[in-house]
2 protein chains.
Amino acid sequence: MTKPQLTPLAQSLPATVPFVGPESQERQRGKPFLARVGANESPFGPSPKAIQAMQMAAAEEVWMYGDPESHDLRQALAIHHQVPMDNIIIGEGIDGLLGLLVRLYVGPGDAVVTSAGAYPTFNYHVAGFGGQVHAVPYTDDHEDPVALVEKAIATGAKLVYIANPDNPMGSWHNAAVMTQMVAAIPADCLLIIDEAYIELAPAGTAPPFDLSSPNVIRLRTFSKAYGMAGARVGYGIAAAEVIAGFHRVRNHFGMSRISVAGAIAALEDDFWLSHVGAEVAVAKQAIVQAVEANGLTALPSATNFVTIDCGRDGAFAKAVLAELIDAGIFARMPFVAPQDRCIRVSCGKPSAMTAFAGALPRALSRAHEKLG
Amino acid sequence: MTKPQLTPLAQSLPATVPFVGPESQERQRGKPFLARVGANESPFGPSPKAIQAMQMAAAEEVWMYGDPESHDLRQALAIHHQVPMDNIIIGEGIDGLLGLLVRLYVGPGDAVVTSAGAYPTFNYHVAGFGGQVHAVPYTDDHEDPVALVEKAIATGAKLVYIANPDNPMGSWHNAAVMTQMVAAIPADCLLIIDEAYIELAPAGTAPPFDLSSPNVIRLRTFSKAYGMAGARVGYGIAAAEVIAGFHRVRNHFGMSRISVAGAIAALEDDFWLSHVGAEVAVAKQAIVQAVEANGLTALPSATNFVTIDCGRDGAFAKAVLAELIDAGIFARMPFVAPQDRCIRVSCGKPSAMTAFAGALPRALSRAHEKLG
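This one's a predicted model, so the numbers in the text were calculated from it and none came from an experiment.

Rules behind the numbers
Residues numbered from 1 in each chain as written. Chains lettered and ligands numbered in written order. Predicted model: local features only at pLDDT ≥ 70, side-chain atom pairs only at ≥ 80, totals over all residues. Contact = placed C-beta atoms within 7 Å. Helix = DSSP H or I, 4+ residues; strand = E, 2+ residues; numbered from the N terminus. Nonpolar A, V, L, I, M, F, W, Y, C, P; charged D, E, K, R; others polar. Expected span 1.5 Å × (residues − 1). Bend = angle between axes of the 7 residues up to and from the residue. Buried ≥ 20, exposed ≤ 12 C-beta atoms within 10 Å, placed from the backbone. Least-squares fit on C-alpha atoms with pLDDT ≥ 70 in both. Core = buried A, V, L, I, M, F, W, Y, C linked by C-beta atoms within 7 Å. Pairing = 2+ DSSP bridges. Axes fitted to C-alpha atoms, helices over the stretch in contact; angles between N-to-C directions. Domains from an automatic or database assignment.

> Residue-level account of the interface of chain B and chain A, with values.
Opposite the 75 residues of chain B that make contact, chain A presents 74 residues. Listing elements by their share of the side of chain B that touches chain A, those giving two or more residues are α2 (22–29), α3 (48–60), α5 (93–105), α9 (240–246) and α10 (257–267) of chain B. In terms of residue class, the side of chain B that touches chain A is made up of 35 nonpolar, 25 polar and 15 charged.

Put into structure tokens, the structure is as follows:
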């Protein structure tokens, strides 16, 4: 060996990125997007109280490392959710927590179950630790809890991933279905329920927290309804023994002190969440209207985005998306058939919604021209 | 198996924390510290321009995920250091980058070399990936480049860690010594030079960047001289092939958008770094004066802290530290003999320096009383 060698596992991995960022696309285009509606960010932003707390922390507190116990945020979340502090883990977004979960539970060759076309960052982490992804298809554009559990049993999976509500389809299951799923998970398997969009879902979507089961962890974030994607604050709620695992490997001083201050303040502003919910509803209506005016179908959504059935195959949806991007609309799409017949548009401010509605007809006609 | 099992590696790890945070100690004490001078944070804070940039980002940009390429910060660093962008990796502090480096290069049983009593977070990561730490002693309170290289050769180490300037001793080597060390590193080994304190070191401490060698990576941070420990921004500079490894495993959307905006602005304010340097010099002088007034010895320091030889053994220094903490002075100490004869005090504002100077005589006399 003439130079330092990566581990065999690291050597086997490609240099990759689960999502190309809009900034990269803007640099390639040489001009900014008109509407940033591709990453399910919340342009309605965080609570003014959260902004104030972050600004104060930027001026007064950023010279200090964050509290490695994230005590105050865990305490605030404990009160908010009525669960003990020891049942909460704080991390650098759900992405960071997914990485730690995979590291803790998945060794080379271990089986992991997800849906085909679900969150690719999870798969990235599984590959990164040598795990084997087993994917089951969506059923009627919903993740399929029964099929996921069956696959977990068949493969002896260490982890099962489901998002509720789902991204990229916007579909959801009610609490009873999720409770049944938890009950059906094999005893030696951990179910990860990604609830990134839960604050935007109808009442009755989230089951009660079951802190007695070592078989489930619920992941949440300040990136979506709370409007703080750039702050990187996520958390998990689970049985204390599941939470304890994180303390073996986590990056104790990894949390931004500014972000944590913002999250604590955000949590206190229920009014802001209602406001965001109302804005999201307005934006959704705008998307649905534009979609239907063009003869397409908007799928029902419990999130801050709308998944749009473009009515033909993946190649067609891809062409529509390319035309939208060309017109300055940053959007994304599911990448597995038959969900790839759709494109996905995030709820935006009125100007963004108008830009989308304005660009859609031409994008569709050009895609039809191109593909015949 | 009746419940989900961690991987054998994760099972073998203790739940631990490399450093107990001052907030935890304050909660245990039931009262805040008078002086926070234990974590080598910079109470002089970040550049006002950085604060302004972070406040702007908190209000206007935090709803967006950060650019996963960190293009603008890499560009600013490339100009600042006169190196190509592809030779720079951005991460969540040096801690985050150390974790990724260990993950990339160290598998179970692989040898890693560091100094006995050097940065424990590095050892935490090595243990976390199953590596075997081989430690060599300090020589005259300096990390010993020759001994580190010899141990790397003897053990077939994948990684060697050295901090220059060193923490916790404050000592340093000049650029020529470091260049020699890089040249002597075995061809299949990567040398990590942790330069967290480099902006505070005398001119001539940092060697030129050698981007042709696949055997060295230099790690830097905005946590120390730049006064942004709570923002979590670090970076590495190395040969492009070394940097490329990170793209296989890193958490692409892990950077806080607020923090990155602050780092870009901080980099533009050379005046602020000079100001911090001057404040650090004043604070150092205050520490040295208090130390010498009490008959102790302050070790030379190229950092923003002073390591104080308490003149007896580790038990005595530990007693002095306990008394200081009891008096409201948050400080820390080296934890391996004979360096553990010392305590370590960070440069603070005048009020903190006065509090330390006021508490030291009684802490010493009580420690002498206690230990005879």
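Moving on, there is more to tell.
> Explain helix α13 (residues 350–371) of chain B residue by residue, including any values.
Residue and element names in this part refer to chain B. The end-to-end C-alpha distance of α13 is 31 Å, a good match for the 32 Å that 22 residues give at a rise of 1.5 Å each. A maximum bend of about 30° is found in α13 at leucine 360, where proline proline 361 lies one to four positions downstream. Buried within α13 we find Ala352, Met353, Ala355, Phe356, Ala359, Leu360, Ala363, Leu364 and Ala367. Buried positions along α13 lie against β1 (35–36), α11 (270–293), α12 (314–326), β11 (329–330) and β12 (342–346). Of the residues trailing α13, glycine 372 is marked for its positive phi of about 75°.

> Break down unusual backbone geometry for me, with residues and values.
Along the chain, asparagine 167 of chain A connects to proline 168 of chain A via a cis peptide bond; the corresponding omega equals 20°. Turning to its location among the elements, proline 168 of chain A is positioned in the loop between β5 (159–163) and α8 (175–184). Here the residue pair alanine 337 of chain A and proline 338 of chain A is connected by a cis peptide bond, since its omega of 0° sits within 30 degrees of zero. Considering the arrangement of structural elements, one finds proline 338 of chain A in the loop between β11 (329–330) and β12 (342–346). Of note, the phi angle at asparagine 40 of chain B is positive, near 55°, even though the residue is not glycine. For asparagine 40 of chain B, a count of 23 C-beta atoms within 10 Å puts it in the buried group.

> So what's going on with the relation of the copies chain B and chain A? Residues and values would help.
The transform that puts chain B on chain A rotates by 180° and translates by 0.0 Å along the axis, for an RMSD of 0.0 Å. Here the two chains are linked by the operation of a two-fold rotation axis. Rotation axis and chain B: the residue whose C-alpha lies nearest the axis is glutamine 55 of chain B, separated from it by 2.4 Å. Interface residue correspondence from chain B to chain A reaches 99%, placing this contact among same-surface, isologous pairings.

> Provide a residue-level description of the nonpolar core, including the pertinent values.
If you look at the biggest cluster of nonpolar residues, it comprises 255 residues, and the most contacted ones within it are Val160 and Phe356 of chain A together with Val160 and Phe356 of chain B. In this structure, valine 160 of chain B is in contact with Val113, Leu148, Ala152, Ile185, Cys189, Leu191 and Ile192 of chain B, ignoring residues within four places of it in sequence.

> Please set out the sheet that holds strand β3 (residues 111–115) of chain A residue by residue, giving values where relevant.
Adjacent strands of a sheet pair through backbone hydrogen bonds, lying either parallel or antiparallel. Residue and element names in this part refer to chain A. Spatial strand order, β2-β8-β7-β6-β5-β3-β4: seven strands in an open sheet with mixed pairing. Both edges of this open sheet fall to β2 (88–91) and β4 (132–136), since each of them pairs with a single strand only. Each neighbouring strand pair of the sheet contributes to a mean axis angle of 20°, computed without reference to strand direction. Pairing of β3 with β4 involves five bridges; the strand directions are parallel. Paired with serine 115 across the bridge in β4 is valine 136. Docked against the sheet, helix α4 (residues 71–81) engages β2 and β8 (234–238), running at close to 130° with respect to β2.

> Got a sec to walk through the domain arrangement of chain A? Specific residues and values, please.
It is common to give the size of an interface as the accessible area that goes away when the parts come together. All names here are of chain A. Here chain A is partitioned into domain 1 (19–45 + 271–371) and domain 2 (48–268). Relative to domain 2, the C-alpha centre of domain 1 lies at a distance of 26 Å. The partner domain 2 presents 21 residues to the 23 residues of domain 1 that form the contact. Listing elements by their share of the side of domain 1 that touches domain 2, those giving two or more residues are α11 (270–293) and β10 (305–309). Considering every element that reaches the side of domain 1 that touches domain 2, the biggest residue donor is α11, with four residues. Class assignment of the residues belonging to the side of domain 1 that touches domain 2 gives a composition of 12 nonpolar, nine polar and two charged.

> Which residues make up the pairing of strand β6 (residues 190–194) of chain A, and what values do they have?
Residues and elements named next belong to chain A. Most of β6 sits inside the fold, with five of its five residues counted as buried. Residues of β6 alternate between two faces, with Leu190, Ile192 and Asp194 on one and Leu191 and Ile193 on the opposite face, all of them buried. Bridging between β5 and β6 involves five bridges; their strand directions are parallel. The residue bridging leucine 159 from the neighbouring strand is leucine 190, located in β6. With four bridges connecting them, β6 and strand β7 (residues 216–221) associate as parallel partners. Considered in β7, the bridge of leucine 191 is made with valine 216.

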